[in-house]
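Topology and contacts: notes
So the chains spell out like this:
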Amino acid sequence: MSTLTGKTAIITGGARGQGEAHARRFVAEGAQVVIGDILDAEGNALADELGDAAVFAHLDVASEQAWAEAVQIARSSFGDPTVLVNNAGIVRHASLLDEELTHWQRVIDINLTGCWLGIRAVAAAMPAGGSIINISSNAGIIGYAGVGAYVASKWGLRGLTKAAALELGPSGIRVNSVHPGVVDTPMLKFDPSSSRVFDGQPIARAGQPEEIANVVRFLASDESSYMTGAELTVDGGMVVGSVPPSARAGAS
């Protein structure tokens, strides 16, 4: 039996990038998946490709009504949701002094408030044994300049995860966070194969979406049944520190 057989998952931002990788891995492991996204064409195409185990739901995570509809789609298609992957997110590059309030608020609305709305909507329909997985970032572990709204949202999601783990644990629902580093997806604004951003990183490359999906699959499965409130960094060791130049591959 596959590790996610019998699971029904709602995955936000599921039409492409990391979310697409999660959806593909979940279906391959036996789950039924609601692909939530605002990218209707890509989301419907992916659901069609994945077959009867997947459906698409137009889901703006900042909308309470959209969340209610996504939960209803899950229930009518597959049954009560047993897994939620809060994966949808955006990033905006701007200094704190140059950032505009409307742009700041949009990042917070999607990356943090949207996750809270999802937890609230889905947990009310989720049976004991359910798993909520919040995709934060290693920007929720350390700080980065020039993306202050993103950093604030991801630190906030890290804290929200722990609060939710405490509140939902007595109901048998686990809540954990995953903290990727640089992942090779459409959100990336540079060519990772030619970037020096990985100089000194223990695993000196960008991650692949499938590598994040492996960890998310584990947290969705019963294999992680004694884990809640945990934070798993999947970033090639970026937050650990920098390998000194003399110890790097090719150093003389």
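Our structure is the block above this text.
What comes next is a walk through the structure. Here the residue numbering is sequential within each chain, running from 1 through the sequence in written order. Predicted model: local features are reported for residues with pLDDT of at least 70 only, side-chain atom pairs are reported and counted for 80 or more only, and whole-chain, interface and lining totals are derived from all residues. The basis for every side-chain value is the complete set of heavy atoms in the structure, and neither hydrogens nor water enter the calculation.

This paragraph deals with the layout of surface pockets. Only protein atoms enter the 1 Å grid, on which a cavity is a set of points fitting a 1.4 Å probe that cannot get out and a pocket is an open set with protein on both sides within 12 Å along at least 5 of 7 lines, lining residues being those with an atom within 4 Å of a point. Grid points are joined across faces, edges and corners, and a volume is the space filled by probe spheres set on the points. If you add up the space inside the largest pocket, you get close to 1,300 Å³. Along its surface, the largest pocket is lined by 49 residues, and Gly89, Ile90, Val91, Tyr150 and Met187 are the ones closest to its centre. Only runs of H or I of at least four residues qualify as helices and only runs of E of at least two qualify as strands under DSSP, and these elements are numbered from the N terminus. Mapped onto the lining of the largest pocket, the elements with two or more residues apiece are α1 (17–28), β2 (32–37), α4 (101–123) and α5 (148–168). The computed volume of the second largest pocket comes to approximately 170 Å³. Lining the second largest pocket are 13 residues, and of these Gly207, Glu211, Val234, Asp235 and Gly236 sit closest to its centre. Residues are sorted three ways: Asp, Glu, Lys and Arg are charged, Ala, Val, Leu, Ile, Met, Phe, Trp, Tyr, Cys and Pro are nonpolar, and all the rest, Gly among them, are polar. For the lining of the second largest pocket, the class distribution of residues is six nonpolar, four polar and three charged.

Attention shifts here to the nonpolar core. The definition of a nonpolar core used throughout is a set of buried Ala, Val, Leu, Ile, Met, Phe, Trp, Tyr and Cys residues joined through side-chain atoms within 4.5 Å. Relative accessibility under 20% of the residue-type maximum defines a buried residue, over 50% an exposed one, and the middle range a partly exposed one, all with a 1.4 Å probe and only protein chains included. Ranked by size, the top nonpolar core spans 27 residues in total, and within it Phe26, Val33, Ile35, Val85, Ile133, Val178 and Val216 carry the most contacts. At the level of secondary structure, the elements contributing two or more residues to this core comprise β1 (8–12), α1, β2, α2 (40–50), β3 (54–58), β4 (83–86), β5 (131–135) and α6 (209–220). If one sorts the elements of this core by residue count, α6 sits on top with five residues. Residues within four places of isoleucine 35 in sequence aside, it is in contact with Ile11, Gly14, Ala15, Ala23, Gly43, Leu46, Ala47, Leu50, Ala54, Val55, Phe56 and Ala57. In this structure, Leu59, Ala88, Ile173 and Val175 belong to the second largest nonpolar core, which totals 26 residues. We call two residues in contact when some of their heavy atoms are within 4.5 Å.

The end-to-end C-alpha separation of α6 is 16 Å, in line with the 16 Å expected for 12 residues at 1.5 Å each. Elements in contact with the buried residues of α6: α1, β4, β5, β6 (174–180) and β7 (231–234). Expected helix span is computed as 1.5 Å times (number of residues minus one).

What follows covers the environment of threonine 113. Note on placement: threonine 113 falls in helix α4. Take threonine 113: its relative accessible area is 27%, and that puts it in the partly exposed class. In this structure, the C-alpha to C-alpha distance between threonine 113 and leucine 97, residues 16 residues apart in sequence, is 23 Å.

We now examine the side chain of histidine 22. Following the sequence through the fold, histidine 22 ends up in helix α1. Histidine 22 gets classed as buried once you look at its relative accessible area, which sits at 0%. In this structure histidine 22 touches Ile11, Val85, Asn87, Ile135, Ile212, Ala213 and Val216, once residues within four positions along its chain are discounted.

As a further point, take the pairing of β6. Judged by how many residues are buried, β6 sits mostly within the fold: seven of seven residues are covered. What you see with β6 is no split at all: Arg174, Asn176, Val178 and Pro180 on one side and Val175, Ser177 and His179 on the other are buried throughout. Two strands qualify as a pair provided that DSSP identifies no fewer than 2 bridges between them. Across five bridges, the pairing between β5 and β6 is parallel. The partner of isoleucine 133 across the bridge, within β6, is asparagine 176. Here, the term right-handed applies to a crossover whose path from the first strand over the helix to the second runs clockwise when the strands point away from the viewer. The parallel pair β5 and β6 is bridged by α5, and the resulting crossover is right-handed. Across four bridges, β6 lies against β7 in parallel orientation. What sits directly across from valine 178, in β7, is leucine 232.

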